[in-house]
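Summary of the model geometry
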Amino acid sequence: MKLLLFLSLLTLPVVISATPTAIIFDTDITGDVDDVLALAMIHTLADRGACELLAVTISKENELAAPFTDAVNTFYGRPDIPIGINPNAPHRDSKYLGLVNEKDDGKLRYPHDIGISKDPESAITLLRKTLAAAEDHSVTIIQVGLATNLAELLQTKGDNYSQLSGPDLVRKKVTLLSVMAGAFETISNSNRYLEANVRNHVSSMQQLADEWPDEVPVIWSGFKIGIMAPYPRESIAQDFGYLPNHIVKEAYLLHSGPDHDRPTWDLTSVLYSVYPDRGYFDLSSPGQVTVEEDGFTRFDPGPGTRFMQPKDLSSVEPAMKRDQYMTMDKHQAARVTEALVNMVAQPPSR
Ligand SMILES: [Ca+2]
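Since we're looking at a predicted model, the values are computed, not measured.

What follows deals with the overall build of the protein. From N to C terminus, the protein includes 13 helices and 13 strands. Its C-alpha atoms give the protein a radius of gyration of 21 Å, near enough to 20 Å, the size a compact globule of 350 residues would have. Taking all 350 residues of the protein together, 52% fall into the buried category. Only carbon and sulfur atoms are counted for the fraction: they give 52% of the accessible area of the protein, which is about 15900 Å². Considering the protein, the positive charge centre built from 31 side chains and the negative charge centre built from 46 side chains are found 4 Å apart.

Structural data, given as structure tokens:
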């Protein structure tokens, strides 16, 4: 009996901590549609208990962006996620945000209350409020657009929510910044590719790279990662028929049409944030990203870090190891694509 007990103890499954990743999603949900797919995926991960969506902040200006985001959140059964906007952010037109005003038989096709009975909050205030209320070292910020909001957060001083300055609040509360921006590998024979999230507002991405605290790691998903794992058009055609109206499918078709496999740029930053240890991606050696005047993202490996074991990195200055960028081979790309399709297409659980 004792032996049996001993043997059964030996075969107990390894318990992996299942604390949901607490996420602030900072998005330019206006121009491109990968932001919409990434938000759908966050809701699936929240349905599975793998993450908790604390807030959404929007880094481009369009009066329909907050109502549309609220409609997606409502579609997935989370109508009260706080949403913040930034009036200083550059305006961007959209092919799909207008869906939020469309009606069938006089009723909104995608119900929401922001823009009707409620106003969005200020993105910068919402970032401060959300971080102040969170447990220390618990929040993952996923930035998949311009750096307008995070650059402004870093300029803030203490307020009613916290006495801490923006950088100190980040040091205390944020555990990871996952960014879709930049280009770190050769793109179409160019080793100086200027990626849109940087190029379209260089100064804020420069501020982010210069002033983000050295102690809080930044993982960059460069332009090439999303290109290597495009979202298959077959999924859009076949996987969303479980409801007659589907806001994600409609947005995709309005943006990309039925004959295009959209790169999964923003989705890859979400996937890494929630499942960093599943081998979907590899990471570069630790180093430092700087943003040059034309929007080129330069990555300098910390001195010697390429050849160091992780345990030896403690001797490297924090500033020289804050940043890493994601890499992916074609086998990983196949796994990533399949995982993303399954997460984006999963029906809402409530
Ligand atoms: Ca985006």
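Text resumes after the structure shown.
Of the protein atoms, only D28 (OD), D35 (OD), D35 (OD), V144 (O) and D266 (OD) coordinate the calcium ion, at distances of 2.3 to 2.6 Å. Going along the chain, you hit the donors of the calcium ion in the pattern D-x6-D-x108-V-x121-D. Within this pair, whereas D28 is found in the loop between β1 (21–27) and α2 (34–47), its partner V144 is found in the loop between β7 (139–143) and α5 (148–155), the two being separated by 116 residues in sequence. Residues D28 and V144 agree in their burial class; the two are buried.

Ranked by internal contacts, the top residues of the largest apolar core, which has 69 residues, are F25 and F68. Looking at this core, the element that brings in the most residues is α2, giving 9 residues. Not counting residues up to four positions away in its chain, the partners in contact with F68 are I29, V36, Y96, L97, L99, V100, I247 and A251. Membership of the second largest hydrophobic core comes to 30 residues, among which are L127, V174, M205 and W212.

Our focus in this paragraph is α5. Burial runs high along α5: 6 of the 8 residues are buried. Among the residues of α5, T148, N149, L150, A151, L153 and L154 are the ones counted as buried.

Using the criterion set out here, one finds 18 salt bridges in the structure. D32 serves as the salt-bridge partner of R262, at 2.8 Å between the closest nitrogen and oxygen. Of this pair, R262 sits in the loop between α11 (247–256) and α12 (265–274) while D32 sits in the loop between β1 and α2, and the two are 230 residues apart along the sequence. Per residue, the accessibility class of R262 equals that of D32, and both read buried. In this structure, K172 engages D136 in a salt bridge whose closest nitrogen and oxygen atoms are separated by 3.8 Å.

Turning our attention to the packing of aromatic side chains. Across all of its chains, the model carries 9 aromatic pairs by this definition. Ring plane angle 25° and centroid distance 5.3 Å describe the contact between F223 and W265, whose orientation is recorded as stacked. Placement of F223 in helix α9 (residues 223–228) and of W265 in helix α12 is noted, with a sequence separation of 42 residues between them. Both residues of the pair, F223 and W265, belong to the buried class. Through pairs of rings, three or more aromatic residues link up here, namely F184, W220, F299 and Y325.

For the rest of this paragraph, the subject is the side chain of S162. With respect to the secondary-structure elements, S162 resides in the loop between α5 and α6 (166–173). Once residues lying within four places of it in the same chain are set aside, the contact partners of S162 are R128, A132 and L169.

Before going further, it helps to examine the pairing of strand β11 (residues 287–291). Looking at chain direction, β11 and strand β12 (residues 297–301) are connected through 5 bridges and run antiparallel. Within β12, the residue paired with V291 across the bridge is T297.

Below, the discussion takes up the pairing of β7. The element β7 is largely enclosed, with a buried count of 5 among its 5 residues. A two-sided burial pattern is seen for β7, the buried positions comprising V139, I141 and Q143 on one face and T140 and I142 on the other. Judged from the 5 bridges that link them, β1 and β7 form a sheet pairing that is parallel. If you follow A22 over to β7, its bridge partner there is V139. With 5 bridges joining them, β7 and strand β8 (residues 174–180) adopt parallel strand pairing.

Rules of the game
- All residue numbers refer to position in the chain's written sequence, counted from 1.
- It should be noted that, the model being predicted, local features are given only for residues of pLDDT at least 70 and side-chain atom pairs only at 80 or more, the latter also being counted only at that level, while totals for whole chains, interfaces and linings use all residues.
- The side-chain figures draw on all heavy atoms in the structure; neither hydrogens nor water molecules are used.
- Only DSSP runs of H or I reaching four residues or more are called helices, and only runs of E reaching two or more are called strands; each is numbered from the N terminus.
- A radius of gyration in this sense is built from C-alpha atoms; the matching globule rule multiplies 2.2 Å by the number of residues raised to 0.38.
- Burial classification: accessible surface area is computed with a 1.4 Å probe over protein chains only, and a residue below 20% of its type maximum counts as buried, one above 50% as exposed, and the rest as partly exposed.
- Surface accessibility in these figures is a Shrake-Rupley result with a 1.4 Å probe; residues are shielded only by whichever protein chains are displayed.
- In this tally, Asp and Glu contribute negative charge and Lys and Arg positive charge; neither His nor the terminal groups of the chain are included.
- We put the charge of a Lys on NZ, of an Arg on CZ, of an Asp on CG and of a Glu on CD.
- We call an atom a donor if it is N, O or S and sits within 2.8 Å of the metal, or 3.2 Å for Na, K and Ca. Water is not counted, so some sites may look partial.
- Think of a nonpolar core as a cluster: buried Ala, Val, Leu, Ile, Met, Phe, Trp, Tyr and Cys residues, connected wherever their side-chain atoms sit within 4.5 Å.
- The contact rule is simple, with two residues in contact once any of their heavy atoms fall within 4.5 Å.
- For this document, the term salt bridge refers to a Lys or Arg side-chain nitrogen within 4 Å of an Asp or Glu carboxyl oxygen.
- The criterion for an aromatic pair is that two Phe, Tyr or Trp rings (for Trp, the six-membered ring) have centres within 6.5 Å, with stacked assigned to planes under 30 degrees apart, edge-to-face to planes over 60 apart and tilted to the rest.
- Strands pair, by our definition, only if DSSP identifies at least two bridges between them.

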